[in-house]
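# Per-entry structural report
The primary structure of each chain is shown beneath.
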Amino acid sequence: MKLQYKVKIDAFEGPLDLLLHLINTLEIDIYDIPVAEITEQYMLYIHTMKELQLDVASEYLVMAATLLSIKSGMLLPKHEEELVEDEFGFEPEEDPRDELMRRLIEYRKYKEAAVDLRHMEEERSQVYTKPPSDLSEFAGEPVFDKESMNVSIYDMLGAFQKMMRRKKLQKPLQTKVARQEIPIEKRMDEILMELKRNPRRRKFTELFPSDQKDHLVVTFLAILELMKKNNIMIEQEENFSDIYILGRS
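This write-up is about the structure you can find in this document. (Residues numbered from 1 in each chain as written. Predicted model: local features only at pLDDT ≥ 70, side-chain atom pairs only at ≥ 80, totals over all residues. Heavy atoms only, no water.)

All right, on to the overall build of the protein chain then. Counting secondary structure elements, the protein chain contains eight helices and three strands. The buried share of the protein chain, reckoned over its 249 residues, is 36%. Counting contacts in the protein chain only where the partners sit at least 6 residues apart, residues at least 24 apart contribute 74% of the total. Carbon together with sulfur atoms contributes 52% to the accessible area of the protein chain, which is approximately 17000 Å² in total. (Helix = DSSP H or I, 4+ residues; strand = E, 2+ residues; numbered from the N terminus. Buried < 20%, exposed > 50% of the residue type's maximum accessible area, 1.4 Å probe, protein only. Contact = heavy atoms within 4.5 Å. Areas by Shrake-Rupley, 256 points an atom, 1.4 Å probe, with all protein chains shown as cover.)

Structure, rendered in structure tokens:
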């Protein structure tokens, strides 16, 4: 019987959020978006979501169609547009990317404003009116930098893509593997136990010992659920670097 998981992850904020993530990761100029490259990367993420059997919202598919439409429009040779303009006296059409660019810039403004408001909220939450207390007994506890754990759901998807490609390259041409179905909850418990036994931070790829696709998918979904429940911490030093996972004590 084939595994059928339908999972809705709240961390997915929408197609514009994914596009901004790709623009920042690929260091693309938002005022001059290379549509062919951004469309290819966007479709790769959508394919990965479907491969993981995540519940992909319809707006992601609408944006995919929009990107493909823009890409097709930009493939129209310029001399044909100029010929139509000269013959009928039409005004040249705007760059097909302009509307998307305006939406992204507006979305980025709101996103940056939300980040500023969250920082203000965090700063205000540090203000207390109680008398000072002796906290020396906690001085030896490790302090984690919140900024170093700023890993998005799309960073996790990117790491999963790279791991899947590497496992496919290393997989033997002929193999026969017995199918084994594992509930997500059971895999979550296994991951937590593994992190508890070995408290050092673990590479993301170290939590995927099996090459079976079903096991890979269940493990990835289990990690996402543990992130959602705040049972684990995720660290990444910089873009494209390894992602590390730690258990919370």
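Right, picking up where we left off after that structure.
The backbone of E27 sits at a positive phi, close to 55°, despite the residue not being glycine. Structurally, the position occupied by E27 is in the loop between helix 1 (15-25) and helix 2 (35-51). For E27, a relative accessible area of 70% translates into the label exposed. Even without a glycine there, the phi angle at N230 is positive, about 60°. Mapped onto the elements of the fold, N230 is located in the loop between helix 8 (213-228) and strand 2 (232-236).

With respect to burial, strand 2 is a largely interior element, five of its five residues being buried. A two-sided burial pattern is seen for strand 2, the buried positions comprising I232, I234 and Q236 on one face and M233 and E235 on the other.

Y42 and F204 are the most contacted members of the largest nonpolar core, which totals 57 residues. Here the element with the most residues in this core is helix 8; it accounts for nine residues. What Y42 contacts, discounting residues up to four positions off in sequence, is P15, L18, L19, L22, E59, Y60, M63, A64 and L67. (Core = buried A, V, L, I, M, F, W, Y, C linked by side-chain atoms within 4.5 Å.)

Okay, the packing of helix 1 against helix 5 (residues 98-125) next. Remark: helix 1 packs on helix 5, axes separated minimally by 10 Å, with the N-to-C direction vectors making an angle of 90°. Viewed along their axes, helix 1 and helix 5 adopt a mutual orientation that is roughly perpendicular. On helix 5, the residues that touch L16, D17, L19, L20 and I23 of helix 1 are L100, R103, L104, Y107, R108 and K111. Of the residues assigned to the contact of helix 1 with helix 5, the class counts are seven nonpolar, no polar and four charged. (Axes fitted to C-alpha atoms, helices over the stretch in contact; angles between N-to-C directions. Parallel < 35°, antiparallel > 145°, perpendicular 65-115°, else oblique. Nonpolar A, V, L, I, M, F, W, Y, C, P; charged D, E, K, R; others polar.)

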